[in-house]
Amino acid sequence: MKTWLKQIALVLAAMTAVAAPAAAAFPERPVRLIVPFAPGATTDILARMVAERLAERWKQPVIVENKAGAGSILGADFVAKSAPDGYTMLFGSESLALLPQLQDMPFDWRSDLKRVSLVGALPILLLASGKRADISSLKDLVDVAKANPGKLNFGSPGNATVHHLTTEMFARAAGVQMTHIPYKGAAPAMTDLIAGNIDVMVGAEPSAKGHIQAGRVKALTVFARERLPGLPNLPTAREAGQPFEMSFWWGVMVPGKTPPDVVQEIATATMAVIRDPDLRKRMLDSGVTPSGGSADEFEKFFRDQFDGWAKILPSLKIKLD
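Residues numbered from 1 in each chain as written. Predicted model: local features only at pLDDT ≥ 70, side-chain atom pairs only at ≥ 80, totals over all residues. Heavy atoms only, no water.

Draft legend 1. Inspection of helix H11 (residues 295-316) at higher detail. An ideal rise of 1.5 Å per residue puts 32 Å on 22 residues; H11 measures up with 31 Å between its terminal C-alpha atoms. In H11, a bend of some 30° at Ala310 exceeds every other bend along the element, and Pro314, a proline, comes one to four places later. The secondary structure elements touched by the buried residues of H11 are helix H4 (95-98), strand S4 (113-123), helix H6 (162-174), strand S10 (247-255) and helix H9 (260-275). Positioned one or two residues after H11, Lys317 has a phi angle of 55°, which is positive. (Helix = DSSP H or I, 4+ residues; strand = E, 2+ residues; numbered from the N terminus. Expected span 1.5 Å × (residues − 1). Bend = angle between axes of the 7 residues up to and from the residue. Contact = heavy atoms within 4.5 Å.)

Have a look at this one:
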């Protein structure tokens, strides 16, 4: 009897195994890539480059959606609270490593977002309005600012964004005072810089280069160790007498409880598209240094960034409204 029952159990187990449907390969439908900044900003431009290649690899649409606001928190919160299935991804940035140290977050940055793959990094440019005839170099800016404490203003995509903090850190290092004007995104700030409504702002090569070449804005310096290949005549801050370095960075993130196999597929796909020669060239031509690391590597990088900002932020005494 026991042998007979054992045989029945084996048959039923085999039938169950045969009947169980195979898990669908990810992705089997369109994927959304949330950009937490306004259209036209560098984050948006780079995200669309990556989305295009992911769509080709997956043979599924990868739809870029802009959800700007609160220094990227609105878009990040949307992704953190989305279904953890990999179909809603975030094109996150350095802001997520610093904002949790300045304000209460609507989600837990440690567990509600999973770092998947670092995409790349880009040195920050310091720009001046083309309408400021008296500011054409970093020395000009420092001289004018010192002669007029607090009268020059600078724009940013929002309070406590990296743009804001970088400018505050540079101003402190240079011994000058400028007034901060926050915007809801980098694109509207750039519009006002071109119009002469603000005097300076920091930016990045992909979104600023066309305006620089047209003379609408002036590139004063790059906060990097070396000059940018795409702007070879632009001196570094160190060359201009102000040793200061700072970069933007971006990476793909997903909701925290996304299954490990889906996280691995997204990481593998992201690393593969960043190794694509055409995309790498487009990134490098824009001044972006491609990365494409694993989820573990991105997590370590993120924690290091978080710890770095923790050492800097108290001295800046930034207050959020």
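Draft legend 2. Quick peek at the side chain of Glu205. Considering the arrangement of structural elements, one finds Glu205 in helix H8 (residues 205-214). Leave out the neighbours within four places in its chain, and Glu205 touches Leu122, Leu125, Leu228, Gly230, Leu231, Asp285, Ser286 and Gly287.

Draft legend 3. Just the sheet that holds strand S7 (residues 179-182), in detail. Here five strands make up an open sheet; going across it, the order is S7-S6-S8-S5-S9 and the pairing mixed. Each of the sheet's edge strands pairs with one partner strand only, and the pair in question is S7 and strand S9 (217-222). On average, adjacent strands in this sheet sit at an angle of 30° to one another, irrespective of strand direction. Sheet topology places strand S5 (residues 125-129) next to strand S8 (residues 200-203); four bridges connect them, and they run antiparallel. Bridge pairing links Leu125 to Gly203 in S8. Sheet contacts for helix H5 (residues 138-147): S5, S8 and S9; angle to S9, the most-contacted strand, approximately 100°. Contacting S5 and S9, H8 runs over the sheet at an angle of about 35° to S5. (Pairing = 2+ DSSP bridges. Axes fitted to C-alpha atoms, helices over the stretch in contact; angles between N-to-C directions.)

Draft legend 4. Expanded view of the pairing of strand S3 (residues 88-93). For S3, the tally of buried residues reaches six of six residues, placing the bulk of the element in the interior. Here S3 shows two buried faces, one formed by Thr88, Leu90 and Gly92 and the other by Met89, Phe91 and Ser93. Bridge count between strand S1 (residues 31-35) and S3: three bridges; the pairing is parallel. Bridging from a neighbouring strand, Leu33 pairs with Met89 of S3. As paired strands, S3 and S10 are joined by four bridges and run antiparallel to one another. Directly across from Phe91, in S10, lies its bridge partner Val252. (Buried < 20%, exposed > 50% of the residue type's maximum accessible area, 1.4 Å probe, protein only.)

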